[in-house]
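Listed here are the chains, written in short residue letters.
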Amino acid sequence: KQEVTQIPAALSVPEGENLVLNCSFTDSAIYNLQWFRQDPGKGLTSLLLIQSSQREQTSGRLNASLDKSSGRSTLYIAASQPGDSATYLCAVRPRSGAGSYQLTFGKGTKLSVIP
Amino acid sequence: DTEVTQTPKHLVMGMTNKKSLKCEQHMGHRAMYWYKQKAKKPPELMFVYSYEKLSINESVPSRFSPECPNSSLLNLHLHALQPEDSALYLCASSRDHGRNYNEQFFGPGTRLTVL
């Protein structure tokens, strides 16, 4: 059964710092990995999706990498801002089986950027 | 239009009530999902519709009844809920279930409280 782990569970950084959020998964047979942002009590905003054949994706100050063989992904946020404060979730989609319809989520990293 | 909308934003209901949650997207997506999210937990998949047909029911109790009237709309009918069903209910859509088209886009959610 696929398991997704995100470390750390919470992170607090001063404004302007570059930071890295980590995501690991136990089964490398995935179609893709998706990073989301969730503000308190709100829905999920898709940030980046990396296909299994890709190594990284970039959007603005965000860069996500994928090392499928080692079961790891990182989300790099450059020049953090207070508005980046949110919970960041990663999710993988299994390649096969009944579970291939669904995303397996990590528990998230709660990021606080201090002004 | 790249948005998934959900109504209502908040819902309070008694255990004997019948209510419905609504979800709408106009991105031409043919896969739609219902998720349940408890506080400080990742979303849990409830149902998947693919081309207006129910594809996945993740062993959800029958007091939750999904409906997909057309390719843009997804409803979740609620009846005789329990207080432990109180949660944020999220709707999502994706282009379809194919390997390259399943980036999921989420709505803002409905915060449900069962008294």
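Refer to the preceding data block for the structure.
What you see is a predicted model; the values in this text were computed from it and never measured.

**Brief notes about the overall build of chain A**
Inference 1: Each helix and strand counted, chain A has zero helices and eleven strands in total.
Inference 2: In chain A, the succession of helices and strands from N to C terminus is β-β-β-β-β-β-β-β-β-β-β.
Inference 3: Principal axes of the C-alpha set define a box for chain A whose edges measure 45 × 30 × 20 Å.
Inference 4: Within chain A, the fraction of its 115 residues that count as buried is 47%.
Inference 5: Within chain A, residue pairs in contact and separated by at least 24 positions form 55% of the contacts whose partners lie at least 6 positions apart.
Inference 6: Accessible surface for chain A amounts to roughly 5400 Å². Of this, 48% is attributable to carbon and sulfur atoms.
Inference 7: Here chain A holds 11 positive side-chain charges and 8 negative ones, and the gap between their average locations is 7 Å.

**A word on the state of the cysteines**
What we call a disulfide is simply a covalent bond connecting the sulfur atoms of a pair of cysteines.
Inference 1: Per the counting criterion, the structure on display carries two disulfides over all chains.
Inference 2: Disulfide pairing is shown between Cys23(A) and Cys90(A); the S-S distance is 1.9 Å. Disulfide Cys23(A) to Cys90(A): torsion about the S-S bond roughly 70°, handedness right-handed. Of this pair, Cys23(A) sits in strand E3 (residues 19-25) while Cys90(A) sits in strand E9 (residues 86-94), and the two are 67 residues apart along the sequence.
Inference 3: On the basis of relative accessible area, Cys90(A) is assigned to the buried category, the value being 0%.
Inference 4: In this model Cys23(B) forms its disulfide with Cys91(B); the gap between the sulfur atoms is 1.9 Å. Here the S-S torsion is close to -70°, and the disulfide linking Cys23(B) with Cys91(B) is therefore left-handed. With a gap of 68 residues between them, Cys23(B) in strand E3 (residues 18-25) and Cys91(B) in strand E9 (residues 87-94) connect regions that are remote in the sequence.
Inference 5: Since its relative accessible area comes to 1%, Cys23(B) is described here as buried.
Inference 6: The thiol of Cys68(B) is unpaired, and the distance to the nearest cysteine sulfur, on Cys23(B), comes to 9.2 Å.
Inference 7: Looking at Cys68(B), the relative accessible area reads 13%, which means it is buried.

**With respect to the environment of His26(B)**
Residues and elements named next belong to chain B.
Inference 1: Among the secondary structure elements, His 26 is positioned in the loop between E3 and strand E4 (31-37).
Inference 2: On the accessibility criterion, His 26 (47% relative accessible area) is partly exposed.
Inference 3: Within the structure, His 26 has its side chain in polar contact with the side chain of Glu 24 (distance 2.8 Å).

**Thoughts on the interface of chain A and chain B**
Inference 1: Between chain A and chain B, the residue contacts involve 22 residues of the former and 23 residues of the latter.
Inference 2: Both faces considered, chain A and chain B share a buried interface measuring about 1800 Å² in area, 54% of it formed by carbon and sulfur atoms.
Inference 3: Across the contact surface, chain A and chain B share zero salt bridges.
Inference 4: Applying the counting rule to chain A against chain B returns four residue pairs in polar contact (both at pLDDT 80 or more).
Inference 5: Elements that contribute at least two residues to the side of chain A that touches chain B include exactly strand E4 (30-38), strand E5 (44-51) and E9 of chain A.
Inference 6: In terms of residue count, E4(A) provides more of the side of chain A that touches chain B than any other element does, five residues in total.
Inference 7: Here the residues of the side of chain A that touches chain B sort into nine nonpolar, nine polar and four charged.

**Points about the packing of aromatic side chains**
Inference 1: For the coordinates displayed, the defined rule picks out seven aromatic pairs over all chains.
Inference 2: Ring geometry for Phe105(A) versus Phe106(B): centroids 6.5 Å apart, planes at 75°, classification edge-to-face. Taken together, the positions of Phe105(A) in strand E10 (residues 104-105) and Phe106(B) in strand E10 (residues 105-106) put the pair across two chains. The pair formed by Phe105(A) and Phe106(B) is uniform in burial state, with each residue classed as buried.
Inference 3: Ring geometry for Phe64(B) and Tyr89(B): centres 5.9 Å apart, planes at 35°, overall tilted. A residue pair is termed long-range when its members are at least 10 positions apart, and Phe64(B) in strand E7 (residues 64-70) and Tyr89(B) in strand E9 qualify at 25 residues.

Rules behind the numbers
- Here, residues in each chain are numbered from 1, in the same order as that chain's written sequence.
- Lettering of chains starts at A and numbering of ligands starts at 1, both following the order in which they are written.
- Confidence filtering applies because this is a predicted model: local features only for residues at pLDDT of at least 70, side-chain atom pairs given and counted only at 80 or more, and all residues used for totals across whole chains, interfaces and linings.
- The basis for every side-chain value is the complete set of non-hydrogen atoms in the structure, without hydrogens or water.
- Helix and strand assignments come from DSSP, with helices taken as H or I runs of at least 4 residues and strands as E runs of at least 2, each series counted from the N terminus.
- Burial classification: accessible surface area is computed with a 1.4 Å probe over protein chains only, and a residue below 20% of its type maximum counts as buried, one above 50% as exposed, and the rest as partly exposed.
- Note on contacts: a residue pair is in contact if any heavy atoms of the two residues lie within 4.5 Å.
- For the accessible areas, the method is Shrake-Rupley and the probe is 1.4 Å, while residue cover comes only from the protein chains on display.
- The sign given to each residue is positive for Lys and Arg and negative for Asp and Glu; His and the chain ends receive no count.
- To locate a charge, take atom NZ for lysine, CZ for arginine, CG for aspartate or CD for glutamate.
- Any two cysteine sulfur atoms within 2.5 Å of one another count as a disulfide.
- Polar contacts, as counted here, are pairs of nitrogen or oxygen atoms within 3.5 Å of one another; within protein the pair requires one atom able to donate a hydrogen and one able to accept it, and residues that are adjacent in sequence qualify only if both atoms are side-chain atoms.
- Buried area: the accessible area, evaluated with a 1.4 Å probe, that two parts lose upon being put together, summed over both parts.
- Just to be clear on terms, a salt bridge is a Lys or Arg side-chain nitrogen sitting within 4 Å of an Asp or Glu carboxyl oxygen.
- When residues are sorted by character, Ala, Val, Leu, Ile, Met, Phe, Trp, Tyr, Cys and Pro go into the nonpolar class, Asp, Glu, Lys and Arg into the charged class, and all the rest, Gly among them, into the polar class.
- Ring pairs shown here join Phe, Tyr and Trp side chains whose ring centres sit within 6.5 Å, with only the six-membered ring taken for Trp; geometry is labelled stacked below 30 degrees between planes, edge-to-face above 60, and tilted in between.

Shape is all these values report; function is a separate question.
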